[in-house]
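# Geometric and topological summary
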Amino acid sequence: MFRPLKILIGTKCPPTRCCSAFVSRMRFSNLQYVNRLKEDDEACAAALQNAHIFLFHRLSPLLQRTEHRTLRPTALVCSGTEPQNHRTTEESVLIGCSEENQAQFCLDVGKNILNPGSSLSWWPETLNSVQDPSPYEPDLCFLLQGQALLRWNQTSGFCSTTGQPTHRNRAGSQRVCSSSGIIYYPKMSPVVIVLVSDGKRCLLGRQSSFPRGMYSALAGFCDMGETLEETLRREVAEEVGLEVHSVSYSSSQHWPFPHSSFMMAFHASVSPAHTQVSCQLEDARWFSLEEITSALQVKTPPRRGDPPVVWLPPKHAIGNRLITEWRSVSCLHYVNM
Ligand SMILES: NC(=O)C1=CN([C@@H]2O[C@H](COP(=O)(O)OP(=O)(O)OC[C@H]3O[C@@H](n4cnc5c(N)ncnc54)[C@H](O)[C@@H]3O)[C@@H](O)[C@H]2O)C=CC1
Ligand SMILES: [Mg+2]
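A quick note: this is a predicted structure, and the numbers were derived from the prediction, not measured.

Counting across every chain of the model gives nine salt bridges. Overlapping salt bridges bring together Asp223, Glu226, Arg234, Glu235 and Glu238 as one network.

Printed below as a string of structure tokens:
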């Protein structure tokens, strides 16, 4: 039976993924340490004895509300003195380590192998209920990584060539076919997300699968053989029938839906003379600076029975970042006019 060792409420935030964090992590050999744990099963098992283990239930992170109404991940703190049960040692996946070289793992205590997608909505309810996501944000990329790795391990139990079972290494970072020795690594699907502007307005769309009232930048999966620029132009043409004429890169983000996407975000513009939308989505329309400004203030989705309101992806989604960047540049433009 699963036996928690000690529940830590409000555990210390893992480092964020900003460039400076990476540089300092390199300096203190943290990355080399994590790489060693991925390659050395014995070292990884030893590290697990004194690790922080972040808990998930059916792929959703187990969060706790703090006294400030924010949400924090729940972690077991392993002291190394108590024996660990079979599931903890066999199913925890390594996601990194702290500045003090304490290993950090994730463990799904209620995994749902038969229907692994069932617990995931397009946007997790728990994230919608965060009143002020800022203190939670540093944990988010960590949790998304853990969720993706747990999901990949849960759904990659068999070799797609031989049909035989695959076995994971201790860290959960690779799986090997028991019959052919083929090695499998976690997979991601590249996705382009693009905010199209006509100089004064930006174009947002919604799919029927989006939560009610939500609009976001246009997005689409890369086809095999395509460049990012080709995907971008194809998706904009397919979804709204427009031709973009300038493209600039913004940033990127791992996104767990539907099966670990790697989102690459761009701004693009169309000629103000050619803005007629031919929509293949549930809806797509142009938004003015004023409309975007008020939509960015809507922090929670409308509840059933509330009047319709446009709301945008939350702060930690890259769609929000694109829209916020566009708003800042547009505000500057108006100030300078
Ligand atoms: N983080 C953010 O701010 C946002 C993230 N997204 C994410 O972007 C992703 C792509 O956007 P969509 O408009 O849905 O893409 P899309 O416009 O390419 O349409 C989805 C369809 O593409 C096909 N497809 C091709 N390759 C696929 C693959 N590797 N995995 C799944 N389906 C594939 C399927 O038929 C699927 O129904 C979605 O997973 C969505 O969660 C979308 C908007 C905002
Ligand atoms: Mg799309």
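Once you've had a look at it, read on.
This part takes up the coordination of the magnesium ion (ligand 2). For the magnesium ion (ligand 2), the full set of protein donor atoms is Ala219 (O) and Glu239 (OE), at a range of 2.0 to 2.2 Å. Placement of the pair is alanine 219 in strand S14 (residues 218–221) and glutamate 239 in helix H7 (residues 228–240), with a sequence separation of 20 residues.

Moving on, we get to the sheet that holds strand S10 (residues 175–177). The pairing of strands in a sheet happens through backbone hydrogen bonds and is either parallel or antiparallel. Read across the sheet, three strands follow the order S9-S10-S11 without closing on themselves; strand pairing throughout is antiparallel. Unpaired on one side and paired on the other, strand S9 (166–168) and strand S11 (183–184) mark the two borders of the sheet. Here S9 pairs with S10 via three bridges, running antiparallel. For arginine 168, the partnering residue across the bridge sits in S10 and is arginine 175.

Moving on: the site of ligand 1. Taken together, 19 residues sit near ligand 1, with Gln207, Ala219, Phe221, Glu239 and Gly319 positioned nearest. Between ligand 1 and the protein, one listed contact pairs an oxygen atom with a side-chain N or O atom of glutamine 207 at 2.6 Å. The protein chains hide 68% of the 850 Å² of surface that ligand 1 would expose on its own. Every element with two or more residues in the shell around ligand 1 is listed here: strand S12 (189–197), S14, H7, strand S15 (246–255) and helix H9 (318–336). Residues that form the shell around ligand 1 fall into these classes: 11 nonpolar, six polar and two charged.

There is a patch of like negative charges on the surface, built from Glu39, Asp40, Asp41 and Glu42. For aspartate 41, the position within the fold is in helix H3 (residues 41–48).

Glancing now at the confidence of the model for the chain. Overall, the prediction assigns the chain a mean pLDDT of 84, with 83% of residues at 70 or greater. Contacts of residues 1–16 to residues separated by more than four positions or lying in other chains number 50 contacts, the stretch itself having pLDDT below 50. A low-confidence stretch, residues 112–135 stays under pLDDT 50, and its non-local contacts, those more than four residues away or across chains, total 47 contacts.

Rules and cut-offs
- Residues numbered from 1 in each chain as written.
- Chains lettered and ligands numbered in written order.
- Predicted model: local features only at pLDDT ≥ 70, side-chain atom pairs only at ≥ 80, totals over all residues.
- Heavy atoms only, no water.
- Salt bridge = Lys/Arg side-chain N within 4 Å of Asp/Glu carboxyl O.
- Donors = N, O, S within 2.8 Å, 3.2 Å for Na, K, Ca; no water.
- Helix = DSSP H or I, 4+ residues; strand = E, 2+ residues; numbered from the N terminus.
- Pairing = 2+ DSSP bridges.
- Near = heavy atom within 4 Å.
- Polar contact = N/O pair within 3.5 Å; in protein donor to acceptor, adjacent residues only side chain to side chain.
- Areas by Shrake-Rupley, 256 points an atom, 1.4 Å probe, with all protein chains shown as cover.
- Nonpolar A, V, L, I, M, F, W, Y, C, P; charged D, E, K, R; others polar.
- Patch = residues over 30% accessible without salt bridge, like charges linked within 9 Å, V, L, I, M, F, W, Y side chains within 5 Å.
- Lys, Arg positive; Asp, Glu negative; His and termini not counted.
- Charge placed at Lys NZ, Arg CZ, Asp CG, Glu CD.
- pLDDT = per-residue confidence, 0-100.
- Contact = heavy atoms within 4.5 Å.

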